[in-house]
Amino acid sequence: MMRGAVVPGAPAARSNRWKRKPGSPTQRARRGSEGGMSGAYPDDRDPQLLGGEISRLVGQRGWGLDLQVRGVFARWTEVVGAEIGAHSVPETLTDGVLVVRTDSSAWATQLKLLAPTLVKRLNTELGDGTVTVVEVLGPNAPSWKHGARGLRDGRGPRDTYG
C-alpha cells in the first residue's frame, strides 16, 4: 500500500499541526506557580482577606511599633486621662524619649511631677522599655518679630516705650 493513501474504514490520521505546545500561553495560564494544575484547595493565587494582608505587610515592613505609637497619640486623652489630655499634646517618640507639649507652664510643672506614672502607663500600652523618659515642654513663646526688618538683640515690644 502506498504511503498517504486513504484506506476505507480505517481511522483518519491525526495531524500534529493543531496540537498545543507545552509552553503556549493557554497551557501556562492553566498551570499554578509550581507548574501543576490549579486545584480545588486554596493556594497563594486565591483572593486573600484584607486584614491578613495588612498584618503581613506591617510585619514585613517593621511598622508595628510605629503604628502602636500613633494609636496611643490618637487616644492620648483616653490613655492619660481627660484632665491631662485637655492640656497636653504628645509630639514625638524617638529612642525612648517622649516629647509632650503643654498649654501652660503650670501644666508643664504638673506633668513633670507625673512623668514616672506616665512612663509606666505608656509602657503598659506599648510594651516594656518603649518609653524611658518623658520630656515636657511648655507653651511656645510668642514671636515679637513682625515684618521684614528687625533687631537682633532687641528687647521685644518694650524697646519702643520711652
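Residues numbered from 1 in each chain as written. Predicted model: local features only at pLDDT ≥ 70, side-chain atom pairs only at ≥ 80, totals over all residues. Heavy atoms only, no water.

An unreviewed UniProt entry lists the protein chain under the name DUF721 domain-containing protein, with Nocardioides humilatus given as the organism.

Student: How should a nonpolar patch on the surface be read in this particular structure?
Tutor: Taken together, the side chains of L57, W63 and L67 define a hydrophobic patch exposed on the protein surface, amounting to about 270 Å² of accessible area. Summarising the element assignment, L57 is placed in helix 2 (residues 50-61). (Patch = residues over 30% accessible without salt bridge, like charges linked within 9 Å, V, L, I, M, F, W, Y side chains within 5 Å. Areas by Shrake-Rupley, 256 points an atom, 1.4 Å probe, with all protein chains shown as cover. Salt bridge = Lys/Arg side-chain N within 4 Å of Asp/Glu carboxyl O. Helix = DSSP H or I, 4+ residues; strand = E, 2+ residues; numbered from the N terminus.)

Student: Mind showing me how you'd approach the environment of P139 here?
Tutor: In this fold, P139 is placed in the segment after strand 3 (133-137). We classify P139 as partly exposed; its relative accessible area is 41%. For the pair P139 and D103, spaced 36 residues apart in the sequence, the C-alpha separation amounts to 5.0 Å. (Buried < 20%, exposed > 50% of the residue type's maximum accessible area, 1.4 Å probe, protein only.)

Student: Would you mind going over unusual backbone geometry with me for this structure?
Tutor: With the exception of glycine, the majority of residues adopt a negative phi angle, and the majority of peptide bonds are in the trans configuration. Positive phi, close to 55 degrees, is recorded for D95, a residue that is not glycine. Inspection of the secondary structure puts D95 in the loop between strand 1 (88-94) and strand 2 (97-102). Residue classification places D95 among the exposed positions, given a relative accessible area of 81%.

Student: Explain the pattern of salt bridges to me, please; I cannot follow it from the model alone.
Tutor: Opposite charge on two side chains permits them to pair, given that their charged atoms come into close proximity. In the structure shown here, the tally under the stated rule is six salt bridges. What emerges from the salt-bridge pattern is a single network uniting R75, E78 and E125.

Student: What is the right way to look at the nonpolar core in this model?
Tutor: Within soluble globular proteins, side chains that are nonpolar tend to cluster in buried spots. Among the nonpolar cores identified, the biggest contains 20 residues, and W76, L98, L122, V131 and V134 are the most heavily contacted of them. Ignoring sequence-local partners within four residues, the contact set of L98 consists of F73, W76, P90, T92, L93, L122, V131, V133, V134 and E135. (Core = buried A, V, L, I, M, F, W, Y, C linked by side-chain atoms within 4.5 Å. Contact = heavy atoms within 4.5 Å.)

Student: Before we go on, may I ask you to explain the side chain of T130 in this structure?
Tutor: Looking at where T130 falls in the secondary structure, it is placed in the loop between helix 7 (115-126) and strand 3. Assessed through its relative accessible area of 14%, T130 is described here as buried. Within the structure, the side chain of T130 is placed 2.9 Å from the backbone oxygen of G127, a separation counted as a polar contact. In this view, T130 contacts L65, L93, G96 and N123; residues no more than four positions away in its chain are not counted. (Polar contact = N/O pair within 3.5 Å; in protein donor to acceptor, adjacent residues only side chain to side chain.)

Student: Sorry, what's going on with the pairing of strand 3 here?
Tutor: Every regular strand shows the same layout, with side chains that alternate between the two sheet faces. Side-chain alternation along strand 3 places V134 and V136 on a buried face and V133, E135 and L137 on a face that remains uncovered. Bridge count for strand 2 against strand 3 is five bridges, and the pairing is parallel. Residue pairing for strand 3: V97 is matched across the bridge by V133. (Pairing = 2+ DSSP bridges.)

Student: Please explain the packing of helix 3 (residues 64-74) against helix 7 as it appears in this structure.
Tutor: Packed helices, taken two at a time, are described by the angle their axes make and the gap between the axes. Two elements in contact, helix 3 and helix 7, have axes separated by 10 Å at closest approach and are oriented at 130 degrees. With respect to helix 7, the element helix 3 is oriented oblique. The hand of the helix 3/helix 7 crossing is right-handed. Side by side, helix 3 and helix 7 meet where L65, Q68, V69 and V72 of the first sit next to L122, E125 and L126 of the second. Among the residues making up the contact of helix 3 with helix 7, the classes are represented as five nonpolar, one polar and one charged. (Axes fitted to C-alpha atoms, helices over the stretch in contact; angles between N-to-C directions. Parallel < 35°, antiparallel > 145°, perpendicular 65-115°, else oblique. Left-handed = near helix turned anticlockwise from the far one by under 90°. Nonpolar A, V, L, I, M, F, W, Y, C, P; charged D, E, K, R; others polar.)

Student: For this particular structure, what's the right way to read helix 6 (residues 105-113)?
Tutor: Every α-helix carries 3.6 residues per turn, so stepping three or four residues along brings you back to the same face. Considered for burial, the residues of helix 6 that qualify are W107, A108 and L111. Here the buried residues of helix 6 occupy an arc of 105 degrees about the axis, which is enough to place them on one side. Seen from the open side of helix 6, the exposed residues pointing more than 90 degrees away from its buried face are S105, A106, K112 and L113. Those residues of helix 6 hidden inside the fold are in contact with helix 5 (82-87), strand 1, strand 2, helix 7 and strand 3. (Arc of directions from axis to C-beta.)

Student: Is there a simple way to explain the sheet that holds strand 2 in this structure?
Tutor: For sheets, the rule is that strands pair by backbone hydrogen bonds, running either parallel or antiparallel. Taking strand neighbours across the sheet as the criterion, the three strands line up as 1-2-3 in an open arrangement whose pairing is mixed. Strands at the two margins of the open sheet, each flanked by one partner only, are strand 1 and strand 3. With strand direction ignored, the average angle separating the axes of adjacent strands in the sheet is 25 degrees. Of the pairings in the sheet, the one linking strand 1 to strand 2 comprises six bridges and is antiparallel in character. Considered in strand 2, the bridge of L93 is made with L98. Where helix 3 meets the sheet, it contacts strand 1 and strand 2, and its direction lies at approximately 170 degrees from that of strand 1.

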